[in-house]
Amino acid sequence: MQALTIAAASVTGALGKPEQHDLLLVRELQTMSFVFHIPLVCFGIAFPALVLFVEGLWIRTGDALYKAMAKRWSKVMLILFAIGVVSGTILSFEMGLLWPNFMATFGDVFGLAFGIEGFSFFAEAIFIAMYVYGWERFSPRRHLLLGVPIVIAGVTGSLMVISVNGWMNHPAGFDVVGGRVANVDPLAALFNSHLWHELIHMYVAGYVVVGCVVGAVYARSWLRGNRDRYVRTGLIVAVTVAALAAPVQFVVGDWAGRTVADDQPIKLAAFEGVADTTRGASLHLGGVYEKGAVRGGIKLPKALSLLAQHDPDALVPGLRSVRAADRPPVNVVRFSFQAMVAIGTLLALLGIAYVVTWWRHRRLPRSRWFYRLLVASGPLSVVALLAGWTTTEVGRQPWIVYGFMRTSEGVTAASGIGIAFVVLLAVYLALSVAIVWLLRRLAQRAPQAEVREELRLRPA
Amino acid sequence: MSLADVSLVLIAAGMTAYIVLAGADFGGGFWDLTAGGAQRGRPARELVQRSMGPVWETNHVWLIFILVLTWTAFPVAFGSAMSTLYVAGFLAVAGIVMRGTGFALRGQAASLPEARLLGAAFALSSVLAPFCLGAAAGAIGSGRVPVGNAAGDPWGSWLNPTGVLVGILAVLAGAYLAAVYLAADAERAGLDELRRAFRTRALGAGLVAGAVAIAGLFVLRGDAPALFEGLTSGAGLVCIVLSAIAGVTTLSLVWRGRFAAARYVAAAAVASVTAGWALAQYPQLLPGLTVSQAAAPHSTLVALLISAALGVLTIAPAQLALYRMAISGELSKPMESS
Ligand code: HDD
Ligand code: HEM
Ligand code: HEM
């Protein structure tokens, strides 16, 4: 077996080697910004489709209840989009403010993706404004058509940014000549081989998160005894989406795992904490990785080999096949991966229970526990989402560009990061308060306020 | 013209669009700040919200456009500038965030007592963001941003005569543009009192901006001689003269109550200043770094420019349609019930 070398060819940063004593703080700042932005953008990815679906129901049936719901949801969409815009702007600034050497060295390789993304943001902003402010201005059909570009822009916007992330995990589209980046091929960088599983996994995650969060809101009303047609409709639309998306995540996640096994074996080893290269590697549910082995937890023999290669006896390279300085922090990655898979399993089971009940009895499940779990699924799905990103991003450490540039080399040399951290923390807290306040105010108004027509809230 | 030059032109065009469009959104916040007490200031505030609510996100994307073009086409310059100007950058982004949130909240909060407190915070951010962005531009223009990772002075690079001057000009330009737009919108909505109020404000802001710009030339002569030299000779001078003519014209249009025309002429004034700045500095991007040295490789620029061209072709019609609807007041207020 050959020894693994991750460092394909180290790149000299275009701005030299930075001195940064607060690297950890810079990383935390970046993480904090993502933790705020990514749950919001799920709504940019998946919510427009739900809104259009409900509006379509209105156009087909003429039932004003659907119009009231679509209109109400479109306002939520606008508010979350606005906050997505400002939090995305923070991220765009942070690219340069926190990682100038990374940008200076590789901006010309992967920047194209962000350039294209900019145009999908334009499209999204323009059509969202027309859609939300144009309810009374356009005929129903034209209004529905105006929503279509929003759905498309949700896909292209996340496609491009994920392309960059895929590239950071599996760089392509350049050569290293004498420590410098050369022969740049921006299209090869754009369509790197990690793009596709990340895109689809994230896209489906968007539907899982939106379905669970919206479902949780209506499930709470349901548990409190409000079971009119409005609540019921919202519940069914949202939960159906989540129930269909959650099991798919299993299949895509498996694909993601195999891709990681092929391209980033050390990250895969960190999913479990495989110290030495092993045939038929097992997985432990729970437990802690310590001094080269997992302590505690339930052992699933050969499960990791099965996940990685679909072969129970496959060889899994261990962490020790690279220098200690090239290994990611195992327990963070391990714990995040387990949290994502555990929650993914729970959500998939919940979804299957819902679909089966519907199939067999043509009704919603009756158990209060189903609704309690639904309420929990809202926050849980967000945890799974963030845990997944933690798996990917912390699993990539210590590299910012896997195998080519270390995070410590891409970082800024500026001081005073602590102040920036505190300021941005305050900004994010204020933003969170603002969102909650706005959405609560919106929710306090009866759905009847949205339309002139009388709403039929009692079941026929 | 090389591909790098084309990219630079595109960035300058994006900056012009951002100043003219989003600058006015910040300016709206400025007038919000100075509109007076809750009762008296209410009509003005509502007009700001109604005119700018539907378009601010689209206007804002121009900033993202500038950022991504710069980091792709001129990565070393981008990394150097952002790392040195990080204080201004963080403050600007905090201001932008508050301003954007302000738009979202105002639609809901307009009737509440909290609105005043919130309003003050948002309005202050409307001054903070353009000031910091302008000062950052001044830092680059006066050659205080060296190549390197946070190699320049994090405070002194932008808090100096040129930086402060450009920062103030950015705030004033936004205030002027906003007043012109709002006067036009008030006229269309038949709000005669507001029309007159914003006409007065536009004239005031325009005169102050003009005076500061003229005084600013003397500041530049002392503080940024190279930039001054570039702006007062050759093509740079042509741009400055054009801008001055446009500035006087737009003021006289406002005086005569021709607000729609005044908008476009004001945009021309901003565009010629931006172009003048670019020409004055050309070919230096940062000290010791020329446009061609800083440029991304050919393959990247080709791909970037092709995608930008396709993007503009697909987006422009939709954007124009949105502005047309917003200007003609056809878009309803979504946050209130129908
Ligand atoms: C609702 C969210 C959600 C759910 C239920 C799951 N995932 Fe996931 N996962 C994500 C949301 C996510 C993500 C969107 O956060 C990530 C981060 C990067 C990416 O591509 O997707 C991710 C990454 C990610 C990776 C790392 C990919 C990489 O580094 O390139 C693997 C191996 C898995 N997932 C595997 C799974 C498996 C086996 C699941 C089984 C249930 C699963 N995920 C459920
Ligand atoms: C370095 C990382 C990122 C940067 C620089 C970034 C930048 C941005 C910016 C600037 C916006 C606002 C667009 C506007 O002005 O209209 C935005 C919104 C958005 N971003 Fe991000 N983003 C990042 C990460 C992500 C991730 C991880 C995703 C999803 C997987 C994502 C998906 C979106 C989507 C769908 C929107 C649309 C806005 C919404 O619906 O809320 N972005 N992003
Ligand atoms: C300029 C580009 C980027 C840089 C420099 C960067 C770097 C980093 C770093 C250093 C961390 C912290 C990891 C740790 O705590 O060990 C991080 C976290 C993260 N990154 Fe990236 N990243 C970039 C782009 C992206 C993009 C494009 C995405 C998504 C599409 C992304 C998604 C994330 C997420 C979700 C986290 C949070 C992980 C956690 O919870 O710890 N990043 N990033």
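Every chain is numbered independently, its residues counted from 1 as its sequence is written. Each chain gets a letter, beginning with A, and each ligand a number, beginning with 1, in the order they are written. Given that the model is predicted, a residue must reach a pLDDT of at least 70 before its local features are reported, and side-chain atom pairs must reach 80 or more before they are shown or counted; all residues, however, enter totals for whole chains, interfaces and linings. Only hydrogens and water are set aside; all other atoms, that is, all heavy atoms of the structure, feed into the side-chain values.

K.L.:
Could you clarify how one ought to interpret the overall build of chain B in this entry?
P.N.:
Only DSSP runs of H or I with at least four residues qualify as helices, and only runs of E with at least two residues qualify as strands; both kinds are numbered from the N terminus onward. From N to C terminus, chain B includes 13 helices and two strands. Expected size for 338 residues packed as a compact globule is a radius of gyration near 20 Å; at 20 Å, chain B falls within 12% of this value. We call a residue buried when its accessible area falls under 20% of the maximum for its residue type, exposed when it is over 50%, and partly exposed in between, using a 1.4 Å probe and counting protein chains only. When the 338 residues of chain B are sorted by exposure, 57% land in the buried category. The contact criterion used throughout is that any non-hydrogen atoms of two residues lie within 4.5 Å. Look at the contacts in chain B between residues 6 or more apart in sequence, and 80% of them connect residues 24 or more apart. Put simply, chain B shows about 13,100 Å² of open surface, and 71% of that area lies on carbon and sulfur atoms. Counting 19 positive and 15 negative side-chain charges, chain B places the averaged centre of each group 8 Å from the other. We compute the radius of gyration from the C-alpha atoms alone; for a globule the expected value is 2.2 Å times N to the 0.38, where N is the number of residues. Computed with the Shrake-Rupley method and a 1.4 Å probe, the accessible areas treat only the protein chains shown as cover for residues. Residues scored as charged are limited to Lys and Arg (positive) and Asp and Glu (negative), so that His and the chain ends carry no count. We put the charge of a Lys on NZ, of an Arg on CZ, of an Asp on CG and of a Glu on CD.

K.L.:
So what exactly am I meant to see when it comes to the coordination of the iron atom of ligand 3 here?
P.N.:
Coordination angles at a metal have ideal targets, namely 109.5 degrees for four tetrahedral donors and 90 or 180 degrees for six octahedral donors. Metal-coordinating donors are taken as N, O and S atoms lying within 2.8 Å of the metal, or within 3.2 Å when the metal is Na, K or Ca; because water is left out, some sites can appear incomplete. Exactly one donor from the protein chain reaches the iron atom of ligand 3: E393 of chain A (OE), at 2.1 Å. Topologically, E393 of chain A is positioned in helix 11 (residues 368–396).

K.L.:
Can you walk me through the confidence of the model for chain B in this structure?
P.N.:
Reading predicted coordinates in detail is not appropriate for stretches of low pLDDT. Residues and elements named next belong to chain B. Residue-level confidence of the predictor, termed pLDDT, takes values from 0 up to 100. Model confidence for chain B is summarised by a mean pLDDT of 84, while 92% of its residues fall at 70 or above. Within chain B, the lowest mean pLDDT, 78, falls on helix 2 (residues 42–52), and the highest, 91, falls on helix 10 (residues 234–255). Here residues 334–338 is a poorly scored stretch, pLDDT under 50, and it has 19 contacts once near neighbours within four places are set aside; other chains count. Scored as a whole, the predicted complex attains pTM 0.90, and scored at its interfaces, ipTM 0.89.

K.L.:
When you look at the site of ligand 1 in this model, what are you seeing that I'm missing?
P.N.:
Residues and elements named next belong to chain A. Nearness is defined per residue: one heavy atom within 4 Å of the molecule or strand is enough. The local shell around ligand 1 holds 23 residues, among which H197, H201, K267, M340 and L385 are the closest. Polar contacts, as used here, are pairs of N or O atoms within 3.5 Å; protein pairs need one atom able to donate a hydrogen and one able to accept it. Residues neighboring in sequence count only if both atoms are side-chain atoms. One of the side-chain nitrogen or oxygen atoms of H201 is found 2.8 Å away from a nitrogen atom of ligand 1. One of the backbone nitrogen or oxygen atoms of W389 is found 3.2 Å away from an oxygen atom of ligand 1. The residue classification treats Ala, Val, Leu, Ile, Met, Phe, Trp, Tyr, Cys and Pro as nonpolar and Asp, Glu, Lys and Arg as charged. All others, Gly included, are polar. For the shell around ligand 1, the class distribution of residues is 12 nonpolar, nine polar and two charged.

K.L.:
It is not clear to me how the coordination of the iron atom of ligand 1 should be interpreted in this structure. Could you clarify?
P.N.:
Residues and elements named next belong to chain A. For the iron atom of ligand 1, every protein donor is listed as H201 (NE2) and M340 (SD), and the spread of their distances is 2.0 to 2.2 Å. Relative to the metal, the six donor atoms surrounding the iron atom of ligand 1 lie at angles of 84 to 179 degrees, and the coordination shape comes out octahedral. Of the two residues, H201 is situated in helix 6 (residues 195–223) and M340 in helix 10 (residues 330–361); the sequence distance between them amounts to 139 residues. Since its relative accessible area comes to 19%, H201 is described here as buried. In this scheme the shape depends on donor count and angles: four donors with every angle between 85 and 135 degrees give tetrahedral, four or six donors with opposite pairs above 155 degrees and others between 65 and 115 give square planar or octahedral in turn, and any other case is irregular.

K.L.:
Looking at this model, I keep getting lost on the nonpolar core. Mind explaining?
P.N.:
In summary, soluble globular proteins display a tendency toward joint burial of nonpolar side chains. Residues F47, W73, F102, F106, F110 and W167 of chain A together with F74 of chain B are the most contacted members of the largest nonpolar core, which totals 237 residues. Residue contributions to this core peak at 22 residues, all from helix 2 (residues 64–98) of chain A. The residues touching F102 of chain A, leaving out its near neighbours within four places in the chain, are G107, F110, W167, M168, I400, V401, M405 and G410 of chain A. Only buried residues count toward a nonpolar core. Its members are Ala, Val, Leu, Ile, Met, Phe, Trp, Tyr and Cys residues joined through side-chain atoms within 4.5 Å.

K.L.:
Any chance you could explain the interface of chain B and chain A here in plain terms?
P.N.:
With 67 residues of chain B at the interface, the matching set in chain A holds 70 residues. Two parts placed together each lose some accessible area under a 1.4 Å probe, and adding up what both lose gives the buried area. Counting each side, the surface lost to burial between chain B and chain A is near 5,900 Å², with a carbon and sulfur contribution of 76%. Salt bridges are identified by distance alone: a Lys or Arg side-chain nitrogen within 4 Å of an Asp or Glu carboxyl oxygen. Linking chain B to chain A there are zero salt bridges. There are four residue pairs in polar contact (both at pLDDT 80 or more) connecting chain B and chain A. Going through the elements one at a time, helix 3 (56–73), helix 4 (75–84), helix 5 (86–109), helix 6 (114–141) and helix 13 (298–327) of chain B are the ones with two or more residues in the side of chain B that touches chain A. The element best represented in the side of chain B that touches chain A is helix 13 of chain B, accounting for 14 residues.

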